[in-house]
Amino acid sequence: ILLSFLVVVQPLIAEPSYSQSLTSITESDIHTMLNAMDKAARKRNIAGMIAPWADDIKLKMTIVNKGSEKESVVYLTKDQFVSNTRQVMRRTISYQLERKNTRIKIYDDTTATVTYELYETFKFRQGTLRASSSDVMYVSLRNGKLVITSMETRARLY
């Protein structure tokens, strides 16, 4: 059960739609992707959340549980994320998120680092889980599309 909760804290991502191939990454492209992420997450659209992920994406989550200062580090594959997220979303009655303090740094027009804070609330029959996280997302341009190659999350559960 804990792993399922941990996985949901991971930023949820959806792919932006483009009518043509991109030749460089812009802040506008990143913001479009982030807005699509938030929309897919609110709709619990898992396929949309992971659409821009590379098949070999590296997911690292560092979690601090409620009432503890002990950290747990979890590494997940794309398939593990999907499986755990499905389990959690089936049990979730309602879900809310708010993204703040987004910073984008673009390197050589084909790679970017995106940092932000994510505040999430999950309501279950058993109670409410709140999480706040600081996230770092690595984005590359591959075949004219934005691709998430790595994500690191440091989350605290309340």
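Here the structure is shown first, and the text comes after it.
Keep in mind that what you see is a predicted model, and the values were worked out from it rather than measured. (Residues numbered from 1 in each chain as written. Predicted model: local features only at pLDDT ≥ 70, side-chain atom pairs only at ≥ 80, totals over all residues. Heavy atoms only, no water.)

Caption draft 1: View of helix α2 (residues 27–43). Here α2 is 17 residues long and its end C-alpha atoms lie 25 Å apart, about the 24 Å a rise of 1.5 Å per residue gives. Turning to α2, its buried residues are D29, I30, M33, L34, A36, M37, D38, A40 and A41. Positive backbone phi, at 60°, marks R44, one or two positions downstream of α2. (Helix = DSSP H or I, 4+ residues; strand = E, 2+ residues; numbered from the N terminus. Expected span 1.5 Å × (residues − 1). Buried < 20%, exposed > 50% of the residue type's maximum accessible area, 1.4 Å probe, protein only.)

Caption draft 2: Representation of the pairing of strand β5 (residues 127–142) in the model. Relative to β5, strand β4 (residues 111–124) runs antiparallel, the two being bridged by 14 bridges. Looking at β5, one finds that T121 is bridged to R130. As consecutive antiparallel partners, β4 and β5 are separated by two residues. Of the strand pairs in this sheet, β5 and strand β6 (residues 145–157) are connected by twelve bridges, and their pairing is antiparallel. Bridge assignment links S133 to a residue of β6, and that residue is A155. Linking β5 to β6, which pair antiparallel, is a turn of two residues; within it N143 sits at a positive phi near 50°. (Pairing = 2+ DSSP bridges.)

Caption draft 3: Up close: helix α4 (residues 78–91). For α4, spanning 14 residues, the distance from its first C-alpha to its last is 21 Å, which sits close to the expected 20 Å at 1.5 Å a residue. Looking only at α4, the buried set comprises K78, F81, V82, N84, T85, V88 and M89.

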